[in-house]
Amino acid sequence: MTGARTLAQVYRRFGEVEAAGTSPLYGRVAVALSGSPEALRAVEAVPARRRHPALVLAALHDLALAGRAPELAAAWAAGDGDAAAGAAIDTLLRMTDTVAATAARRRTQTLETARCAVLYPAVAEAVRRAGADAVGLIAVGSPAGLDLHLDGVGITYGDGRSLGDPSSRVQLSSSVVGKRPVPMRAVPEVVARIGVDPDPVDVTDPDDARWLRACLPPDAPERRAALDAALALAATAPPLLLRGDAVAVLRDAVARVPADALPVVTTAWVLSGHPLESRLRFLQRLDDAAAGRAVAWVSVEGVGVAPAVPTLGDRRASGHSTIGVAVLDGPALRVEAIGRCWSRGRVLSWLADS
């Protein structure tokens with residue numbers, strides 16, 4: 001995305017292909033941006049690695065939600081693609097520096113709560129293996145820490161069974177394939193919720209919460225409602241957010257879990273963004289943090305991404321993820337693959353004996 005021509009192609013492809021099935025409004029705006037030389041020059045004010053359409057559109061959406069781009073907000077609210085395209089270009093040209101600063105400072109975020117359909121039974125399995133009565137959750141690479149409230153969501157599986165809180169505003173569903181049912185084992189009391197991320201997002205901060213909403217397309221009301229429910233749940237017990245790389249702060253995070261609780265470190269679709277050397281250092285820090293106490297690790301990553309997690313003979317880049325569990329309470333790290341999942345937990349196959 002270094003030249004205007006390449007940038008135009010990227011935005012057009014995003015509008016015509018990537019956003020086509022999820023957000024017609026974003027698709028229309030992205031195509032309009034791709035055809036405007038003035039808009040593309042404005043996008044070039046954004047640092048080169050931050051010019052992705054999803055991030056620039058989120059920065060524009062943030063201005064609309066903040067009341068600083070009323071015409072754009074009105075067009076999006078009306079679902080008027082042509083009006084939104086014109087207002088987006090006008091806003092980008094008028095507020096280029098603001099858009100560039102936001103895109104340089106922020107990252108697009110996903111709704112982390114959806115991971116809980118997989119994380120809940122995996123955490124419960126780790127707790128069972130450790131024989132613990134209380135747990136401290138440590139989510140690595142979870143900027144807002146929304147998946148740290150997995151005990152407060154309701155999850156319904158395809159076989160009709162459920163876990164968590166059936167009265168929760170946050171309700172998830174997951175299909176189950178294979179011969180083994182997901183164990184209906186409850187997560188015990190959660191006494192600590194700690195998020196570790198280089199750029200944490202505080203759900204109790206109005207600007208940060210608005211940014212999470214800005215990362216969703218304006219024509220995705222169901223996703224907006226799900227996010228609002230997740231934010232409300234997280235606000236009932238805001239997590240402790242530690243800024244930094246997991247390798248640097250993992251020991252501190254584990255130390256903040258009370259001695260009578262089991263620290264459970266979760267990595268869900270985060271290790272793939274790090275080179276193998278960093279992933280191996282993470283395992284070493286995990287082992288260091290377990291000196292003197294039991295620590296559990298729950299991993300949900302693509303096949304072969306998480307070191308030490310068995311691949312079960314599956315091929316890399318096979319389209320699904322492996323669920324791994326380890327309890328570090330001795331000289332050797334032993335990780336077992338307890339399941340597979342697809343579509344970020346929307347489909348789950350349980351493999352472990354229950």
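Residues numbered from 1 in each chain as written. Predicted model: local features only at pLDDT ≥ 70, side-chain atom pairs only at ≥ 80, totals over all residues. Heavy atoms only, no water.

1. Remarks on the sheet that holds strand β1 (residues 134-140)
One open sheet accounts for 11 strands, arranged β3-β2-β4-β11-β10-β9-β8-β7-β1-β5-β6; its pairing is mixed. Both edges of this open sheet fall to β3 (162-164) and β6 (240-243), since each of them pairs with a single strand only. Averaged over all neighbouring strand pairs, the angle between strand axes comes to 25°, with direction disregarded. As defined by bridge partners, strand β4 (residues 171-176) adjoins strand β11 (residues 347-350) across 2 bridges and the pair is classed as parallel. In the strand pairing of β11, Ser175 is matched with Val347. Packed on one face of the sheet, helix α12 (residues 276-289) meets β1, β7 (262-268), β8 (295-302) and β9 (321-328) and runs near 160° to β8. (Pairing = 2+ DSSP bridges. Helix = DSSP H or I, 4+ residues; strand = E, 2+ residues; numbered from the N terminus. Axes fitted to C-alpha atoms, helices over the stretch in contact; angles between N-to-C directions. Contact = heavy atoms within 4.5 Å.)

2. Some words on the pattern of salt bridges
This structure, assessed with the given rule, holds 22 salt bridges. In this structure, Arg185 engages Glu125 in a salt bridge whose closest nitrogen and oxygen atoms are separated by 3.1 Å. Of the two residues, Arg185 sits in the loop between β4 and β5 (189-197) while Glu125 sits in helix α8 (residues 116-130), which places them 60 residues apart along the sequence. A residue is classified by how much of its surface remains accessible, and Arg185, at 21% relative accessible area, is partly exposed. Overall, Glu125 belongs to the buried group, its relative accessible area being 0%. Across the salt bridge formed by Arg210 and Asp207, the nearest N and O atoms sit 3.1 Å from each other. Linking Arg210 with Asp207, this pair stays in helix α9 (residues 206-214), spanning 3 residues, or about one helical turn. A relative accessible area of 40% places Asp207 in the partly exposed class. The structure contains a network of salt bridges with shared partners spanning Glu125, Arg128, Arg129, Arg185 and Glu336. (Salt bridge = Lys/Arg side-chain N within 4 Å of Asp/Glu carboxyl O. Buried < 20%, exposed > 50% of the residue type's maximum accessible area, 1.4 Å probe, protein only.)

3. Here we look at the pairing of β4
Where a strand is regular, its side chains alternate between the two sheet faces. In this sheet, β4 lies alongside strand β2 (residues 154-157) in parallel orientation, the contact comprising 4 bridges. Opposite Ile155, over in β4, you have Leu172 as the bridge partner.

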